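# Analysis of the macromolecular model
Residue-level listing of the chains:
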Amino acid sequence: MIHFNQPHLTGKETEYIAEAVLKNGKLSGNGEFTKRCQRFFEERFGFKKCLLTTSCTDALEMAALLCDLKPGDEVIVPSYTFVSSALAFVREGARIVFADSMSRNPNIDADQIEALITPRTKVIVPVHYAGVACDMDKIMALAEKYNLIVVEDAAQAIDSYYKGRPLGTIGHLSAFSFHETKNIIAGEGGLLGINDERFIRRSEILWEKGTNRAEFFRGEVNKYGWCDIGSSFLPSELTAAFLWAQLESMDEIQDRRKMLWNEYAHLLKPLADAGRFTLPDIPEYATNNAHMFYLVLPSLEKRTELIRRLREEDILAVFHYLSLHSSPYYADKHDGRRLPQSDRYSDCLVRLPMYYDLELETVRQIVEIIAR
Ligand SMILES: *Cc1c(COP(=O)(O)O)cnc(C)c1O
């Protein structure tokens, strides 16, 4: 059976977990490995500050808290995304105004955002689908014009770039995921990226259960106490030690994934040229971090048929994201606008197996079956 994802281990994970346990003797959060992982992101990509979290969902929840929303404030989110991109803001009482995707790829259509902005709009949440950048210049220009906060959902976008700038460093805040289905994993894990200084102090307090404990441990205050709301957003050192092993191998992991991705793209191009489906679109302003290889079929029937044919050969291809605007939870709260591109990707997009330990030979077999 060829699964669509398989978590990759670098071999160093258990060594670093043992080091956290035996040498450092510190298992709770914000220890040596946590600091090392955060520094890695800050130095390599240029964030003002990073905080490890227990998931990308948690990082999005922290971002939503930092936005200081009032009930009825509006947040613009693409409908074609994972639940958490919207859920984190719904929990703060926001009304989600769903945006449609582009026709060329599933990212939010930046040209349609301005028409959705009202005096109640507070936040825009671009989601870099498949690790491919949204058109951030247009989105940041709108944020400036209307005084909005931009929270990048960069769950899939580690080590990917927009016009040379790392994704996650462009908006005011951003969230990454280390869930086992992503490029760099820690089982469950995430990271909040902070690019706007006004959020730094409060982010540390929210992270540590509403206390100024981080300042206390740096010796900046002589006692710590309850200052604000918050939660226990920080992961244990065991998670951070695992993640450190992955981050050390990031370049190798990314190179191999890109090699496999390029093989798919090369072998599938003649079929795409013949009109069987479309291949992933990488705009000129974006890079590809090989998070995902997807095809967009001409219809739901053709997609169902392809998934069934692959399944018959023990290959698991999957579809995902059903438009959130018509989900059981949100359908009666949505304003009724049709979002045709989001619905088209919900019906027609399929993800092919894509993971580090996939063999080139398997990629070729999968393509042969698709070609039949
Ligand atoms: C995976 C993913 C998330 C959620 O990440 P978790 O770490 O599982 O919370 C959020 N948004 C997008 C776009 C994702 O792909």
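Residues numbered from 1 in each chain as written. Predicted model: local features only at pLDDT ≥ 70, side-chain atom pairs only at ≥ 80, totals over all residues. Heavy atoms only, no water.

## Notes on the site of the ligand
Around the ligand sit 13 residues, and of these Thr57, Asp153, Gln156, Ser177 and Lys182 come closest. The side chain of Asp153 places a nitrogen or oxygen atom 2.8 Å from a nitrogen atom of the ligand. Taking Ser177, its side chain carries an N or O atom lying 2.7 Å from an oxygen atom of the ligand. Protein chains bury 92% of the 390 Å² of accessible surface belonging to the ligand in isolation. Of the residues that constitute the shell around the ligand, the class distribution is 5 nonpolar, 6 polar and 2 charged. (Near = heavy atom within 4 Å. Polar contact = N/O pair within 3.5 Å; in protein donor to acceptor, adjacent residues only side chain to side chain. Areas by Shrake-Rupley, 256 points an atom, 1.4 Å probe, with all protein chains shown as cover. Nonpolar A, V, L, I, M, F, W, Y, C, P; charged D, E, K, R; others polar.)

## Quick word on the pattern of salt bridges
Taken as a whole and judged by the stated rule, the model has 32 salt bridges. For the salt bridge of Glu312 with Arg308, the shortest nitrogen-to-oxygen distance reads 2.8 Å. You can see Glu312 and its partner Arg308 sitting in helix α10 (residues 300-312), 4 residues apart, about one turn around the helix. Assessed through its relative accessible area of 55%, Glu312 is described here as exposed. Given a relative accessible area of 44%, Arg308 falls into the partly exposed group. A salt bridge links Arg372 to Glu313, with the nearest nitrogen and oxygen atoms 3.1 Å apart. Of the two residues, Arg372 sits in the segment after α12 (360-371) while Glu313 sits in the loop between α10 and α11 (340-348), which places them 59 residues apart along the sequence. The network of salt bridges with common partners includes Lys49, Glu204, Arg218 and Glu220. (Salt bridge = Lys/Arg side-chain N within 4 Å of Asp/Glu carboxyl O. Helix = DSSP H or I, 4+ residues; strand = E, 2+ residues; numbered from the N terminus. Buried < 20%, exposed > 50% of the residue type's maximum accessible area, 1.4 Å probe, protein only.)

## Looking at the domain arrangement of the chain
For the chain, the assigned domains are domain 1 (13-248) and domain 2 (250-371). A straight line from the C-alpha centre of domain 1 to that of domain 2 covers 25 Å. If you look at the interface, domain 1 gives 46 residues, while domain 2 gives 37 residues. Taken together, the connections running from domain 1 to domain 2 amount to 3 salt bridges. At the junction of domain 1 and domain 2, the tally comes to 31 residue pairs in polar contact (both at pLDDT 80 or more). Secondary-structure elements contributing two or more residues to the side of domain 1 that touches domain 2 are α2 (32-45), α4 (83-90), β3 (95-99), β6 (161-162) and α8 (237-248). If you tally residues by element for the side of domain 1 that touches domain 2, the top one is β3, at 5 residues. Here the residues of the side of domain 1 that touches domain 2 sort into 26 nonpolar, 11 polar and 9 charged. (Domains from an automatic or database assignment. Contact = heavy atoms within 4.5 Å.)

## Some points on the sheet that holds strand β4 (residues 121-124)
Across the sheet, which stays open at both edges, the 7 strands sit in the order β1-β9-β8-β5-β4-β2-β3 with mixed pairing between neighbours. Single-partner strands in this sheet number two, and they are β1 (49-53) and β3. Along the sheet, successive strands turn relative to each other by an average axial angle of 25 degrees, direction set aside. Two strands pair when backbone bridges link them, and strand β8 (residues 173-177) and strand β9 (residues 190-194) are joined in this way by 5 bridges, in the antiparallel orientation. Across the sheet, residue Ser174 finds its bridge partner in β9, namely Gly193. The strands that helix α5 (residues 136-146) touches are β4 and β5 (149-153); relative to β5, the one it contacts most, it runs at about 150 degrees. Relative to the sheet, helix α6 (residues 200-207) contacts β1 and β9, its axis offset from that of β1 by approximately 15 degrees. (Pairing = 2+ DSSP bridges. Axes fitted to C-alpha atoms, helices over the stretch in contact; angles between N-to-C directions.)

## Digging into the packing of aromatic side chains
A full pass over the atoms with the stated rule returns 20 aromatic pairs. Judged by centre distance (5.6 Å) and plane angle (55 degrees), the rings of Tyr80 and Tyr129 are tilted. Of this pair, Tyr80 sits in the loop between β2 (74-78) and α4 while Tyr129 sits in the loop between β4 and α5, and the two are 49 residues apart along the sequence. Of the two residues, Tyr80 and Tyr129, both sit in the buried class. Members of the aromatic cluster, connected to one another through ring pairs, are Phe40, Phe41, Phe45, Phe47, Phe176, Phe178 and Trp244. Above the plane of the ring of Phe319 lies Arg303, whose end atom (NZ or CZ) is 4.0 Å from the centre. Looking at Arg344, its charged tip hangs above the ring of Tyr345, at a distance of 4.7 Å from the centre. (Phe/Tyr/Trp six-rings, centres within 6.5 Å; stacked < 30°, edge-to-face > 60°. Lys NZ or Arg CZ within 6 Å of the ring centre and 35° of its normal.)

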